[in-house]
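Structural description and commentary
Residues per chain, in single letters:
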Amino acid sequence: MSKTPNSKTAVYDGKEVDLRRPPPPSQPSGAPPAFYDRGVEWRTFLWNPKTKEFLGRNAQSWGKITAFYVVFYAFLACYFAFMMTVLYHTLEDDRPKYTSHGGESILKAPGLGMRPDYRSSDLYHLMEYDPNDEDSYVPYVNSIKNLLAGYDSTSDDIPNCKTRVSIPCGFDVTSLRDSQSTWDETTWGYNTVSPVVILKLNKVFDWIPKPYSPSGTGLPEGLGAYINETVTTQPQMVWVWCETKEEGVTFTYTPYPGFPVYYYPFVNQPAFVSPLVAVHIQDVPVETEVRISCKAYAKNVKDEALLFTLKVKPVIPA
């Protein structure tokens, strides 16, 4: 390159260069030229007409990989079907593989259930209603009615047993209310301060209850006295008993405070129904959270209480 003093131009490689203009920016190493078009690269990747490749693979490559995955997934499907067939051959249609009677099942004893049904993480679930407001207690009443809808007390094919038989025993839902009951089956007492709850044992396959003797230890004082008074007239029972620390609250059980043992075991009989106990909770103090504990008593039931809280608003006279 040659230039003259005080000259604003110079000759470089046979070309005149203006020295007043800054040099062009240097090109980063590895960067595409300024005219590079990325769209061309993508179109070429999708379909290269020169090499006849689609997404970077020719027809032969696509054929090989397709055949591989067809064989691979077909093998997985056959393996899964084979394993499921082996599994189902170890099971029976009418009974679980592990039962409480054999001692292998984790469900070794039933727990006590209740209607109205509820789902709560609280230790004492709160059942609150206003006897003057039908909308506040209709869900509780409907829960009881939905349970009883599965009982057919008029069927001639289901006997009302007094001893254990080889076929399921029927349960007469009319026995939940006797001549001394002060509530009706329309509201189940929820239009008063004395509501009714229904207790039942959950089903556990092949479970046979082992009832306490009349002189058995571990029974509440009131239940022990009741058993001693009725030992000659009542069948053997899985007894139930409810208690509260609130004074003045009483409990009435119909047809009796327990589940007759002749209903068990449950072995998946099509017509099996669980026996029920109606507990009439009388004279609940208004505007007070009354904590109630109900428990089943037998030698082989869960040593757990069913806990709930009642809160009733006062009845406004019509």
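The model shown is predicted, which means the values in this text are computed figures rather than measured ones.

As for the overall build of the chain
- Looking only at helices and strands, one finds four helices and 14 strands in the chain.
- Counting every position in the chain, which comprises 318 residues, the buried fraction comes to 33%.
- Sequence-distant contacts, at least 24 apart, represent 66% of the contacts inside the chain between residues at least 6 apart.
- With the model as given, the accessible surface of the chain reaches about 20700 Å², and the carbon-plus-sulfur share is 55%.

Some details on the side chain of His-280
- Mapping His-280 onto the fold places it in strand S12 (residues 277–282).
- Residue classification places His-280 among the buried residues on the basis of a relative accessible area of 6%.
- At a separation of 3.0 Å, a polar atom in the side chain of His-280 contacts the main-chain carbonyl oxygen of Ser-194.

Side note on helix H4 (residues 221–230)
- Restricting attention to buried positions, one finds in H4 the residues Leu-223, Gly-224, Ile-227 and Thr-230. Looking straight down H4, one finds that the buried residues subtend no more than 145 degrees of arc, so they occupy a single side. In this structure, H4 carries Glu-221 and Glu-229 as exposed residues pointing more than 90 degrees from its buried face.

Examining the packing of aromatic side chains
- Inspection of every chain in the model, using the stated rule, returns 18 aromatic pairs.
- Ring geometry for Phe-54 and Trp-62: centres 6.3 Å apart, planes at 40 degrees, overall tilted.
- Overall, the relative accessible area of 43% leaves Phe-54 in the partly exposed class.
- Classification of Trp-62 by relative accessible area gives partly exposed; the value is 31%.
- An angle of 25 degrees between the planes, with centres 6.1 Å apart, marks the rings of Tyr-69 and Tyr-73 as stacked. Placement of both Tyr-69 and Tyr-73 in helix H2 (residues 59–89) is noted, with a separation of four residues, approximately one turn of the helix.
- Aromatic ring contacts, followed pair by pair, group Phe-68, Tyr-69, Phe-72 and Tyr-73 into a single cluster.

Some details on a nonpolar patch on the surface
- A contiguous nonpolar patch, built from Phe-68, Tyr-69, Phe-72, Tyr-73, Phe-75, Leu-76, Tyr-79, Phe-82, Met-83 and Val-86 and spanning about 1000 Å² of accessible area, is present on the exposed surface.
- Its location among the elements puts Leu-76 in helix H2.
- Classification of Leu-76 as partly exposed rests on a relative accessible area of 36%.

What about the sheet that holds strand S6 (residues 112–115)?
- The strand order across the open sheet formed by four strands is S6-S8-S12-S10, and the pairing between neighbours is antiparallel. Looking along the sheet, the strands with just one partner apiece sit at the ends: S6 and strand S10 (250–254). Each strand axis lies, on average, 30 degrees off the axis of its neighbour in the sheet, ignoring direction.
- Bridging between strand S8 (residues 196–201) and S12 involves four bridges; their strand directions are antiparallel. Across the sheet, Val-196 pairs through a bridge with His-280, a residue of S12.

Here we look at the pairing of strand S13 (residues 290–297)
- Of the strand pairs in this sheet, strand S9 (residues 237–244) and S13 are connected by six bridges, and their pairing is antiparallel. From the neighbouring strand, Cys-242 faces S13, where its bridge partner is Cys-294.
- By the bridge criterion, five bridges tie S13 to strand S14 (residues 306–312) in an arrangement that is antiparallel. When the sheet's bridge partners are listed, Ile-292 is paired in S14 with Phe-308.

The rules we used
Residues numbered from 1 in each chain as written. Predicted model: local features only at pLDDT ≥ 70, side-chain atom pairs only at ≥ 80, totals over all residues. Heavy atoms only, no water. Helix = DSSP H or I, 4+ residues; strand = E, 2+ residues; numbered from the N terminus. Buried < 20%, exposed > 50% of the residue type's maximum accessible area, 1.4 Å probe, protein only. Contact = heavy atoms within 4.5 Å. Areas by Shrake-Rupley, 256 points an atom, 1.4 Å probe, with all protein chains shown as cover. Polar contact = N/O pair within 3.5 Å; in protein donor to acceptor, adjacent residues only side chain to side chain. Arc of directions from axis to C-beta. Phe/Tyr/Trp six-rings, centres within 6.5 Å; stacked < 30°, edge-to-face > 60°. Patch = residues over 30% accessible without salt bridge, like charges linked within 9 Å, V, L, I, M, F, W, Y side chains within 5 Å. Salt bridge = Lys/Arg side-chain N within 4 Å of Asp/Glu carboxyl O. Pairing = 2+ DSSP bridges. Axes fitted to C-alpha atoms, helices over the stretch in contact; angles between N-to-C directions.

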